[in-house]
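Okay, here's what each chain looks like letter by letter:
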Amino acid sequence: MFVLMSIHHPHPEHREALIGSMHRYGAAIRGERGLVSIHTLADADSDRLVGLAIFDSEEDFRRLAPLARAAVAEDPFERWESVPIDGLALTEV
């Protein structure tokens, strides 16, 4: 199992645009072999949005990542986010 978690801190006026971007990222790979599940989540206690994608393996992530990234390649994250995206590549221990 391989998990990609991306923590976003959107500016309030760009929150909906960022959610849309996260949904496009997920839609680009939803249903593909090797993707277990993909979610766009909102933290109940802050402005943070969390992208959570679970893959069968790191190899599946590496194969599918270019498809997902292409779907959001033109999105202005540097304008939408108040701080850089905190990306975590997680493996089970």
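Definitions and cut-offs
- Residues numbered from 1 in each chain as written.
- Predicted model: local features only at pLDDT ≥ 70, side-chain atom pairs only at ≥ 80, totals over all residues.
- Heavy atoms only, no water.
- Buried < 20%, exposed > 50% of the residue type's maximum accessible area, 1.4 Å probe, protein only.
- Helix = DSSP H or I, 4+ residues; strand = E, 2+ residues; numbered from the N terminus.
- Pairing = 2+ DSSP bridges.
- Polar contact = N/O pair within 3.5 Å; in protein donor to acceptor, adjacent residues only side chain to side chain.
- Core = buried A, V, L, I, M, F, W, Y, C linked by side-chain atoms within 4.5 Å.
- Contact = heavy atoms within 4.5 Å.

A. Fine view of the pairing of strand β3 (residues 49–55). For β3, the tally of buried residues reaches six of seven residues, placing the bulk of the element in the interior. Pairing analysis gives seven bridges linking strand β1 (residues 2–8) to β3, with the strands arranged antiparallel. Considered in β3, the bridge of M5 is made with L52. Here strand β2 (residues 35–42) pairs with β3 via seven bridges, running antiparallel.

B. Examining the side chain of S57 more closely. Among the structural elements, S57 can be located in the loop between β3 and α2 (58–71). Among the polar contacts listed, one links the side chain of S57 to the side chain of D60, at a separation of 3.0 Å.

C. Spatial organisation of the nonpolar core. With 13 residues, the main nonpolar core has L4, Y25, I29, L35, I38, F55 and F61 as its most contacted residues. Sort the elements by how many residues they give to this core and α2 lands first, with four residues. Contacts of L4, omitting those with residues within four sequence positions, involve Y25, G51, L52, A53, F55, F61 and L88. Counting residues in each nonpolar core, the second largest holds five residues, with I19, M22, L49 and W80 among its members.

Taken by themselves, the reported measurements are silent on function.
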